[in-house]
Amino acid sequence: MAVLRVDNYIEAYRLRALSPDIHRLTARNSVAQTEFALSQIVEKMNLGAEDVLVDIGCGDGSLLKMAEGRVARRIGVVPTVEEKVRVQTIVPGAEIVSSLAQELSLDPGIASKIVCNGVLILLHSEDRVMSALREMHRIARPGATIWVGEMPEVDEYAVYGKYSGTSMTGMLWHLLKHNGLRAFLGMCRRWLRAAVGKEQIVLNSAGIYYAEPAKMIAMAQACGLRLKTYFRHKDLDQQGNIVDSRFRYDYVFDK
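Q: Can you lay out the overall build of the protein chain for me, pointing to particular residues and giving the numbers?
A: Each helix and strand counted, the protein chain has 9 helices and 9 strands in total. Against the compact-globule benchmark of 18 Å for 255 residues, the protein chain has a radius of gyration of 19 Å, which places it among compact chains. In terms of its C-alpha atoms, the protein chain occupies a principal-axis envelope of roughly 55 × 40 × 35 Å. Buried positions account for 48% of the 255 residues belonging to the protein chain. Long-range pairs, those at least 24 residues apart, make up 65% of the contacts in the protein chain with a sequence separation of at least 6. Of the roughly 12500 Å² that the protein chain leaves accessible, carbon and sulfur atoms contribute 50%.

Below is the structure:
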């Protein structure tokens, strides 16, 4: 039965890298949502021809592709070798590095523009988040701009009732209770397909990290980053409308 149980996001993304759909590495529902989110970053970051762009947690490489011809050098960081191999084939002109956000294998002062979008939420501990912020400061050259995006101010898993256990029966009961009969039956069908080898279900018991803006800003400042601005993150809803995120903020820092 292809039901895999993991307790961290590194292993979860390793598995996503093996999916036929490379877009699964973005953890978004649609390509349109990905393109919208990245366009917001490009607009705020003011990329220039002399810039060295480092995208920490570069997903499927979409931001690196958008930056082609706009910067001098593009470096994407992913946590697993599987992701590195996959993304390198999609963005052959960029450098893809397999490294953790809190232990970047990059030289000090290498980057003039750093993007870390939707990554710190996955580190699920303050120590790891602080380590990642210190690493961003280390690889940033003086005057560099650093984007830290999609940081929630509350535990979204708790608010939205997301299941984070390792039991299929627990998952089914959770869906029935919180999402209704249709979601329950849909997962039953997926479980049946997994039983005959045509489907893979990944149960990830890892939690997320969250911090209110005041705390997030203080943490970044303690790591040597200076706040330029912050604002509520914007999303595309299912109808394609631009809406403010309920809980997430984007931050722009410099060194």
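That was the structure; now back to the text.
Q: Outline the side chain of Asp254, listing residues and values.
A: Mapped onto the elements of the fold, Asp254 is located in strand 9 (residues 242-254). Not counting the four nearest positions on each side in its chain, Asp254 is found in contact with Ala144, Ile146, Gly224, Leu225, Arg226 and Lys228.

Q: Talk me through helix 9 (residues 213-222); I want residue IDs and the actual numbers.
A: All buried positions along helix 9 are accounted for by Pro213, Met216, Ile217, Met219 and Ala220. Projected down its long axis, helix 9 shows its buried positions confined to an angular sector of 160 degrees, all on one face. The outward face of helix 9, more than 90 degrees from its buried face, is lined by the exposed residues Ala214 and Ala222. Positive phi shows up at Gly224, right after helix 9, with a value of about 95 degrees.

Q: Pulling in residues and values, what's your account of the pairing of strand 8 (residues 226-236)?
A: Pairing analysis gives 9 bridges linking strand 8 to strand 9, with the strands arranged antiparallel. Bridge pairing in strand 9 places Thr229 opposite Val252. Connecting strand 8 to the next strand, strand 9, in antiparallel fashion are 5 residues, including Gly240 with a positive phi near 85 degrees.

Q: I'd like to hear about the packing of helix 7 (residues 168-178) against helix 8 (residues 181-195), residue by residue, with values.
A: Angle between the axes and distance between the axes: these two values describe a pair of packed helices. Axis separation between helix 7 and helix 8 bottoms out at 7 Å; the angle between their running directions is 155 degrees. With respect to helix 8, the element helix 7 is oriented roughly antiparallel. In this structure, helix 7 contributes Met168, Thr169, Met171, Leu172, Leu175 and Leu176 to the contact, and helix 8 contributes Leu181, Ala183, Phe184, Met187, Cys188 and Trp191.

Q: I'd like a rundown of the packing of helix 5 (residues 126-139) against helix 9, residues and numbers included.
A: Look at helix 5 against helix 9: their axes get within 9 Å of each other, and the N-to-C directions meet at 50 degrees. Classed by the angle they form, the pair helix 5 and helix 9 counts as oblique. With respect to the hand of their crossing, helix 5 and helix 9 are arranged in right-handed fashion. Contact residues: Glu126, Val129, Met130 and Leu133 in helix 5; Lys215, Met216, Met219, Ala220 and Ala222 in helix 9. Grouping the amino acids of the contact of helix 5 with helix 9 by side-chain chemistry returns 7 nonpolar, no polar and 2 charged.

Q: I'd like a rundown of unusual backbone geometry, residues and numbers included.
A: Within the chain, Ala27 stands out as a residue other than glycine whose phi angle is a positive 60 degrees. Positionally, Ala27 belongs in the loop between helix 1 (9-16) and helix 2 (31-45). Residue Asn46 is not a glycine yet carries a positive backbone phi of 50 degrees. As for its position among the elements, Asn46 is in the loop between helix 2 and strand 2 (52-56). A residue is classified by how much of its surface remains accessible, and Asn46, at 62% relative accessible area, is exposed.

Scoring rules and cut-offs
- Residues numbered from 1 in each chain as written.
- Predicted model: local features only at pLDDT ≥ 70, side-chain atom pairs only at ≥ 80, totals over all residues.
- Heavy atoms only, no water.
- Helix = DSSP H or I, 4+ residues; strand = E, 2+ residues; numbered from the N terminus.
- Rg over C-alpha atoms; globule rule 2.2 N^0.38 Å.
- Buried < 20%, exposed > 50% of the residue type's maximum accessible area, 1.4 Å probe, protein only.
- Contact = heavy atoms within 4.5 Å.
- Areas by Shrake-Rupley, 256 points an atom, 1.4 Å probe, with all protein chains shown as cover.
- Arc of directions from axis to C-beta.
- Pairing = 2+ DSSP bridges.
- Axes fitted to C-alpha atoms, helices over the stretch in contact; angles between N-to-C directions.
- Parallel < 35°, antiparallel > 145°, perpendicular 65-115°, else oblique.
- Left-handed = near helix turned anticlockwise from the far one by under 90°.
- Nonpolar A, V, L, I, M, F, W, Y, C, P; charged D, E, K, R; others polar.

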